[in-house]
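# Understanding the architecture of this molecule
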Amino acid sequence: MIVLSKKLWESNHIIKLHCTSDWNSPDTSILCECIYSELKKLLIEAKELNKPAYIICDCTKGELPPFVQAIKFAKFMATIRPILEGGLECTILYIKSDSAILWFNRIFSIYTPARPVHIIKDKNDIKKYIKN
């Protein structure tokens, strides 16, 4: 399941996402829809304030979603493309495994991100992308 953290939202407009290992729960789809709604709300706020947000996806925690859930997320992102174009600076994918990079490359063969996506393997590089 996807987890959204807003701890850094007020100070830096950073949204952190990570996954748990519980993708088989009967309420996973409903909970993901709630996360998508919250994400959209934050990105609209960022766009209205003219202060684009950063999304940091920590792919070192939990398990990557099943492909069906990933496609649902990509479809959601495609439907909010105009919001992303004005409300998102970039997405940072913190990934340590080559298999996760391949997994994302499969997603990106179907979905073209509206804003830049940076794949990093060293946590310290996150600050570099946000400062620049």
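What counts as what
Counting from 1, residues in each chain are numbered in the order their sequence is written. pLDDT decides what is reported in this predicted model: residues at 70 or higher carry local features, side-chain atom pairs at 80 or more are listed and counted, and totals for whole chains, interfaces and linings draw on all residues regardless. Calculated side-chain values reflect all of the structure's heavy atoms, with hydrogen atoms and water omitted. Per the convention used, a helix needs a DSSP run of H or I reaching at least four residues, while a strand needs a run of E reaching at least two, with both numbered from the N terminus. Atoms counted for the radius of gyration: C-alpha only. Globule rule: 2.2 Å times the number of residues to the power 0.38. Exposure classes here rest on a 1.4 Å probe applied to the protein chains alone. A residue is buried below 20% of its type maximum, exposed above 50%, and partly exposed in between. Basic side-chain nitrogens of Lys or Arg form a salt bridge, by our definition, when they fall within 4 Å of a carboxyl oxygen of Asp or Glu. When DSSP finds at least two bridges between two strands, those strands are taken to pair. All axes here are fitted lines through C-alpha atoms, helices being fitted over the stretch that makes contact, and every angle between N-to-C directions spans 0 to 180 degrees. In these notes, a set of buried Ala, Val, Leu, Ile, Met, Phe, Trp, Tyr and Cys residues joined through side-chain atoms within 4.5 Å is what counts as a nonpolar core. By definition in these notes, contact holds between two residues if any of their heavy atoms fall within 4.5 Å. By definition here, a helix of n residues has an expected span of 1.5 Å times n minus one. Summarising the geometry, the arc corresponds to the directions from the helix axis toward the C-beta atoms. What makes a patch is a set of residues exposed beyond 30% relative accessible area and free of salt bridges, joined within 9 Å when like-charged and within 5 Å when nonpolar (Val, Leu, Ile, Met, Phe, Trp, Tyr). For accessible areas, the Shrake-Rupley method is used with a probe of radius 1.4 Å. Any residue's cover is judged against the shown protein chains and nothing else. For the purpose of counting charges, residues Lys and Arg are taken to be positive, whereas Asp and Glu are taken to be negative. His and the chain ends are not included. Where a charge sits is defined by one atom per residue type, namely NZ (Lys), CZ (Arg), CG (Asp) or CD (Glu).

## Side note on the overall build of the protein chain
Across its full length, the protein chain carries 6 helices and 5 strands. Each helix (α) and strand (β) of the protein chain, taken in turn from the N terminus, gives the series β-α-β-α-β-α-α-β-α-β-α. Here the C-alpha atoms of the protein chain give a radius of gyration of 14 Å, agreeing with the 14 Å that 2.2 N^0.38 yields for 132 residues. Reported as C-alpha extents along the three principal axes, the dimensions of the protein chain are approximately 35 × 30 × 30 Å. Classification of the 132 residues of the protein chain by burial places 40% in the buried group.

## Quick word on the pattern of salt bridges
In the structure shown here, the tally under the stated rule is 6 salt bridges. With its nearest N and O atoms 2.9 Å apart, the salt bridge here joins Lys 6 to Glu 38. Of this pair, Lys 6 sits in the loop between strand 1 (2-5) and helix 1 (9-12) while Glu 38 sits in helix 2 (residues 28-48), and the two are 32 residues apart along the sequence. Asp 58 is the partner of Lys 61 in a salt bridge, and the nearest nitrogen-oxygen pair spans 3.9 Å.

## Considering the sheet that holds strand 1
Reading across from one edge, 1-2-3-4-5 is the order of the 5 strands in this open sheet, with mixed pairing throughout. Strands at the two margins of the open sheet, each flanked by one partner only, are strand 1 and strand 5 (117-120). Taken over all neighbouring pairs, the strand axes of this sheet differ in orientation by 20° on average, direction set aside. The pairing of strand 1 with strand 2 (residues 14-19) spans 4 bridges and is antiparallel.

## Focus: the nonpolar core
Side chains of a nonpolar character, in soluble globular proteins, are inclined to be buried together. Of all hydrophobic cores here, the largest spans 35 residues; its most connected members are Ile 15, Leu 39, Leu 43 and Leu 84. When residues of this core are traced back to their parent elements, those giving at least two are strand 1, strand 2, helix 2, strand 3 (53-58), helix 3 (67-79), helix 4 (81-87), strand 4 (88-94) and helix 5 (98-108). Among the elements that line this core, the one with the most residues is helix 2, at 7 residues. Setting aside its immediate chain neighbours within four residues, Ile 15 contacts Leu 4, Ser 5, Trp 9, Leu 39, Leu 42, Leu 43, Ala 53, Tyr 54, Ile 55 and Ile 56.

## Side note on helix 2
With 21 residues, helix 2 ought to run about 30 Å at 1.5 Å a step, and its terminal C-alpha atoms sit 30 Å apart, in line with that. Of the positions making up helix 2, those classed as buried are Thr 28, Cys 32, Ile 35, Tyr 36, Glu 38, Leu 39, Leu 42, Leu 43 and Ala 46. What you see down the axis of helix 2 is that its buried residues fit within an arc of 165°, all on one side. For helix 2, the exposed residues set more than 90 degrees away from the buried face come down to Ile 30 and Glu 48. Just beyond helix 2, the residue with positive phi is Asn 50, at close to 55°.

## Let's talk about a positive patch on the surface
There is a patch of like positive charges on the surface, built from Lys 7, Lys 16, Lys 96 and Lys 123. Inspection of the secondary structure puts Lys 16 in strand 2.

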